[in-house]
Amino acid sequence: MIKSIVLYTEEIDDLELAAEELASQAQNFEFKKNNVAIVYMDAETEYKELYPLLKSKWDIPFVGMTAMAMLTGEQGYCKSGISMMILTSDDSKFAVGMTEKLDNENCKEEIKNTYERLEQELDGEEVKLVLTYGGKISGMVGDDIIDAVDVLNKNVKVYGALASDVFKFQDYRVFCNDKIEMMAQAFVLITGDINPKFISVNSISGKANFSYEVTRARANQVYRLGNGSFLDALEKAGMKSDKTNVITDYIQSPFVLTLNKKDGLSIEVLRNLTYLDHENETGAFLGGVPEGTTLEIGLLNMDDVRSTVKKAFEEALKWIEGETCTTILCCSCAARFLTLGNSGTAEAESYKDILPEDISLMGMYSYGEYCPMGEEKWCNVFHNSTFTILCI
């Protein structure tokens, strides 16, 4: 059984004070034999200075990333600060590590080596869950990380997110103990008698009059839709932009596609359009878009975002009843945060009034989400514009 506690401080300038405030909240927490701390923090926080202060309080592994905003069970929406969830257990083990800097050439080998090294620390116990945190890597998408884990044939479910900043796309960081990287992948391999539950909601309320077969694409780059260019299709729909960086322009109209996964499983996912190349008439997305799929445009609105998240938490809490689960990790896409506009607290408000006191919850807003989909038949998936929940 895994127990947990969530700590939070608004302080990001005086890090000695921040560490003291965090430690004071855990004075009565009972640590078991095996422990790990997951940390989310404002991108302006100096983790290099914070880590030794945290390590002096707790001699346990630390892993995490920067976040444009955070969610906790007690505070709800946190615009800035440092949040930390400590997981503790006598029967579950936690193996924690991070790759070196990743690129297209070394990604699969680095992830393979890191995963297998961590496996060796677990003395042959079966890995039941993988938590992973990474940075947006030039020339790669989150699907590449999922593929690199799946190719190891471990049949293990992967949950996590991409680090974020305040849409600068240059200040996000991932960290593991004293290591800090921008383009790396951190992992927590978890064993023991656990039965993780996953929920993902995209909150799409309808679709626009836009549907094309992807006839030419590579990774996250879409060149041709049907018989025309990507920009041709946008122009015909009256949705073409003269800008190049367009993530905020299409934030309320994420693209919808179906991925064909293993065992004949087909799943619907969202992809955010981020960049238009007007010279080559192409578009780039935050996630992969395979050739042969149909690309549509979904419609997001604030009311649907709020209501679907509330339903997701109601479903999670029903599952928790009668289970030994006491921990919830959640993640919401930064695109959804922009959709909420001045109602940025809406997703937190969806759970605050219904969350039991004995449940620890921590979450963040990310540039992409890792969360499995399916029950008996399932697959690991990289998402955009999605709210995900993990119950342990």
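Below is a short write-up of the structure. (Residues numbered from 1 in each chain as written. Predicted model: local features only at pLDDT ≥ 70, side-chain atom pairs only at ≥ 80, totals over all residues. Heavy atoms only, no water.)

**A closer look at the overall build of the protein**
- A count of helical and extended segments in the protein gives eight helices and 28 strands.
- Over its C-alpha trace the protein gives a radius of gyration of 20 Å, about what one expects of a compact globule, namely 21 Å for 392 residues.
- Along the longest, intermediate and shortest principal axes, the C-alpha atoms of the protein span 65 × 45 × 40 Å.
- The proportion of buried residues among the 392 residues of the protein is 57%.
- Partitioning the intrachain contacts of the protein with sequence separation of at least 6 by distance along the chain shows that 80% fall at a separation of at least 24.
- Both charge centroids of the protein, one from 37 positive and one from 62 negative side chains, sit 4 Å from each other. (Helix = DSSP H or I, 4+ residues; strand = E, 2+ residues; numbered from the N terminus. Rg over C-alpha atoms; globule rule 2.2 N^0.38 Å. Buried < 20%, exposed > 50% of the residue type's maximum accessible area, 1.4 Å probe, protein only. Contact = heavy atoms within 4.5 Å. Lys, Arg positive; Asp, Glu negative; His and termini not counted. Charge placed at Lys NZ, Arg CZ, Asp CG, Glu CD.)

**So, a negative patch on the surface**
- Where like charges cluster on the molecular surface, the negative patch consists of Asp13, Asp14, Glu16 and Glu44.
- By the secondary structure assignment, Glu44 is in the loop between strand S2 (34-41) and helix H2 (47-57). (Patch = residues over 30% accessible without salt bridge, like charges linked within 9 Å, V, L, I, M, F, W, Y side chains within 5 Å. Areas by Shrake-Rupley, 256 points an atom, 1.4 Å probe, with all protein chains shown as cover. Salt bridge = Lys/Arg side-chain N within 4 Å of Asp/Glu carboxyl O.)

**Some thoughts on empty space enclosed by the protein**
- Under the defined criterion, the tally for this structure stands at two cavities of 30 Å³ or more.
- In this structure, the largest cavity spans a volume of roughly 100 Å³.
- Lining the largest cavity, in full, are Gly135, Lys136, Ile137, Met140, Val141, Gly142, Ile145, Leu162, Gln185, Leu286, Tyr367 and Tyr370.
- Taken together, the residues that form the lining of the largest cavity break down as eight nonpolar, three polar and one charged.
- Counted as a void, the second largest cavity has a volume near 30 Å³.
- Residue lining of the second largest cavity: Tyr40, Tyr133, Tyr159, Gly160, Ala161, Cys330 and Cys331, and that is the complete set.
- Elements supplying a minimum of two residues to the lining of the second largest cavity: strand S9 (158-162) and strand S22 (327-333).
- It is S9 that provides the largest number of residues to the lining of the second largest cavity, a total of three residues.
- Split into classes, the residues belonging to the lining of the second largest cavity amount to six nonpolar, one polar and no charged. (1 Å grid on protein atoms, 1.4 Å probe; cavity = no way out; pocket = protein on both sides within 12 Å on 5 of 7 lines; lining within 4 Å. Points joined across faces, edges and corners; volume = space filled by probe spheres on them. Nonpolar A, V, L, I, M, F, W, Y, C, P; charged D, E, K, R; others polar.)

**Notes on the sheet that holds strand S24 (residues 369-370)**
- Pairing in this open sheet of six strands is mixed, and the strands run S7-S12-S8-S9-S24-S27 from one edge to the other. What marks the edges here is a single partner per strand, and that holds for strand S7 (94-98) and strand S27 (382-383).
- Here two bridges tie S24 to S27, and the two strands are oriented antiparallel to one another. Residue pairing for S27: Tyr370 is matched across the bridge by Phe382.
- Relative to S7, helix H3 (residues 107-120) is tilted by about 150°, and along the sheet it contacts S7, strand S8 (129-134) and strand S12 (185-190). (Pairing = 2+ DSSP bridges. Axes fitted to C-alpha atoms, helices over the stretch in contact; angles between N-to-C directions.)

**Let's talk about the side chain of Ser4**
- For Ser4, the location among the structural elements is in strand S1 (residues 3-9).
- Taking relative accessible area as the criterion, Ser4 reaches 12% and is therefore assigned buried.
- The contact partners of Ser4, leaving out residues within four places of it in the chain, are Phe29, Met85, Ile86, Leu87, Thr326, Thr327 and Ser360.

**A look at the side chain of Asn35**
- Note on placement: Asn35 falls in strand S2.
- Since its relative accessible area comes to 13%, Asn35 is described here as buried.
- There is a polar contact of 3.1 Å between the side chain of Asn35 and the backbone oxygen of Lys32.
- In terms of polar contacts, Asn35 uses its side chain to reach the side chain of Thr88, at 2.5 Å. (Polar contact = N/O pair within 3.5 Å; in protein donor to acceptor, adjacent residues only side chain to side chain.)

**Considerations on the pairing of S9**
- When you tally the buried positions in S9, you get five out of five residues, the bulk of the element.
- Judged from the five bridges that link them, S8 and S9 form a sheet pairing that is parallel. Within S9, the residue paired with Leu131 across the bridge is Tyr159.
- With helix H4 (residues 142-150) bridging S8 and its parallel neighbour S9, the resulting β-α-β unit is right-handed.
- Strand direction decides the pairing type here: S9 and S24, joined by two bridges, are antiparallel. Opposite Gly160, over in S24, you have Tyr370 as the bridge partner. (Right-handed = clockwise from strand over helix to strand, strands pointing away.)

**Overview of H2**
- Of the residues making up H2, those classed as buried are Tyr47, Leu50, Tyr51 and Leu54. Viewed along the axis of H2, the buried residues span an arc of 105°, placing them on a single side of the element. Exposed and facing more than 90 degrees away from the buried side of H2 are Lys48 and Ser56.
- Tucked into the core, H2 has its buried residues touching helix H1 (15-25), S2, strand S3 (62-66), strand S6 (82-89), strand S10 (174-176) and strand S11 (179-181). (Arc of directions from axis to C-beta.)

**Quick look at the sheet that holds S2**
- Across the sheet, which stays open at both edges, the six strands sit in the order S1-S6-S2-S3-S10-S11 with mixed pairing between neighbours. Two strands in the sheet have a free side with no partner beyond their single neighbour: S1 and S11. In this sheet, adjacent strand axes meet at a mean angle of 15° when their direction is disregarded.
- Where S2 and S3 come together, five bridges link them in parallel fashion. Of the residues in S3, the one forming a bridge with Val39 is Gly64.
- Across the sheet, H1 touches S1 and S6, and the angle it forms with S1 is around 145°.

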